[in-house]
Amino acid sequence: MPVTTINGREIHVDDEGFLTEYDEWDEDLAKVLAANINVDLTDDHWAAIKFVREDFKAQGETPTIRRVSTAGGIDTKKLFQLFPKKPAKKMSYIAGVPKPHGCV
Amino acid sequence: MTTTETTLVPNFDDDETDRKIAFICSKGNLDMAYPALVLANAALGEGIETHLFFTFWGFDMITKSRMHDLKFSPVGNTAMHLPVGDVRIPQALAPMPGMQPMATKMIKDQIAALGVPEVPEFLDQIVASGGKLWACRMSADMNHLTESDLYDGVEAIINASDFIEMTDGAQLLFI
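Only a predicted model underlies this, so the values are computations on that prediction, with no experimental measurement involved.

Is there a simple way to think about the interface of chain A and chain B in this case?
Where the parts come together, the accessible area they lose is often given as the size of the interface. Facing the 28 residues of chain A at the interface are 22 residues of chain B. Elements that contribute at least two residues to the side of chain A that touches chain B include exactly strand 1 (3–6), helix 3 (65–70), helix 4 (76–82) and helix 5 (87–95) of chain A. Looking at the side of chain A that touches chain B residue by residue, the class counts come to 14 nonpolar, 5 polar and 9 charged.

The structure is reproduced here in structure tokens:
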């Protein structure tokens with residue numbers, strides 16, 4: 001697994017750049033990750049990212065868009081506005097968890 | 001272990017906007033409704049322009065009076081197994097009374113167990129994700145249906161030429 005330097009810290013990531021160590025994430029790091037992919041974080045973004053992290057911790061896997069919408073209470077249309085085009089991958093990246101494995 | 005000097009950032013291809021995909025949904029059996037829905041949903045999640053065109057039996061997927069009650073039949077399906085013991089349902093028994101409701105319930109339960117929505121709710125999700133639904137003119141005329149009979153998320157009833165024109169350059173899947 002590669003190690004990359006983000007915000008002056010060494011961070012473990014996979015071949016694409018997604019974080020592989022849940023506990024290496026913090027909110028300051030998330031701000032840098034978001035900036036890397038041109039997302040300006042608002043309170044709505046934070047709500048989604050925090051749900052993704054909590055759900056990953058509880059379920060052991062990254063939630064899909066559908067799960068963020070049904071269990072997290074943030075509707076699908078909103079997710080596409082907040083994280084244009086690829087909400088699931090962008091949320092995962094900023095939240096420091098792997099890409100979702102589920103199909104739906 | 002490798003350490004990269006520059007920050008490794010996933011490539012989300014934000015500028016790549018030319019990929020387009022269209023699904024032709026021609027079946028109205030419950031099991032054959034799902035392939036296009038699952039793949040269309042995945043395509044939308046990848047930021048790809050996605051269209052679904054409903055034609056012939058696929059019209060049931062978007063007809064208000066039928067879309068909530070699609071059925072699955074084990075008739076003619078030799079891959080239909082019972083959930084326990086990997087037992088095939090003999091084709092001679094497949095048309096027996098009660099088999100279709102039982103098989104339909106079984107599939108619905110299996111799909112629900114994965115957290116995958118039923119057809120109408122799945123269409124809601126696809127429309128909310130930016131997917132475009134189109135109804136076939138000939139199928140509407142054959143069934144004497146108008147737009148008011150169809151799911152609200154359907155953009156319009158269009159003819160075959162419109163569909164061919166609209167999917168210029170798109171990848172096509174006939175299901």
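Even after reading the chapter, I still don't get the sheet that holds strand 4 (residues 132–136) of chain B, so can you show me in this structure?
Sheets are built from strands paired through backbone hydrogen bonds, the pairs being either parallel or antiparallel. All names here are of chain B. Taken in spatial order, the 5 strands line up as 5-4-3-2-6 in an open sheet, and their pairing is parallel. Among the strands making up the open sheet, the edge pair consists of strand 5 (154–158) and strand 6 (171–174). Within the sheet, the average angular offset between the axes of one strand and its neighbour, ignoring direction, is 20°. Relative to strand 6, strand 2 (residues 20–25) is paired through 4 bridges, and the arrangement is parallel. Paired with Ile-24 across the bridge in strand 6 is Phe-174.

Which parts of the structure should I look at to understand the pairing of strand 3 (residues 49–54) of chain B?
A regular strand carries its side chains on alternate faces of the sheet. All names here are of chain B. Across the 6 residues of strand 3, 5 count as buried, placing the element largely inside the fold. Bridge count between strand 2 and strand 3: 6 bridges; the pairing is parallel. Counted as the bridge partner of Phe-23 is Leu-52 from strand 3.

About the criteria used
Residues numbered from 1 in each chain as written. Chains lettered and ligands numbered in written order. Predicted model: local features only at pLDDT ≥ 70, side-chain atom pairs only at ≥ 80, totals over all residues. Contact = placed C-beta atoms within 7 Å. Helix = DSSP H or I, 4+ residues; strand = E, 2+ residues; numbered from the N terminus. Nonpolar A, V, L, I, M, F, W, Y, C, P; charged D, E, K, R; others polar. Pairing = 2+ DSSP bridges. Axes fitted to C-alpha atoms, helices over the stretch in contact; angles between N-to-C directions. Buried ≥ 20, exposed ≤ 12 C-beta atoms within 10 Å, placed from the backbone.

Read these as spatial facts, not as claims about activity.
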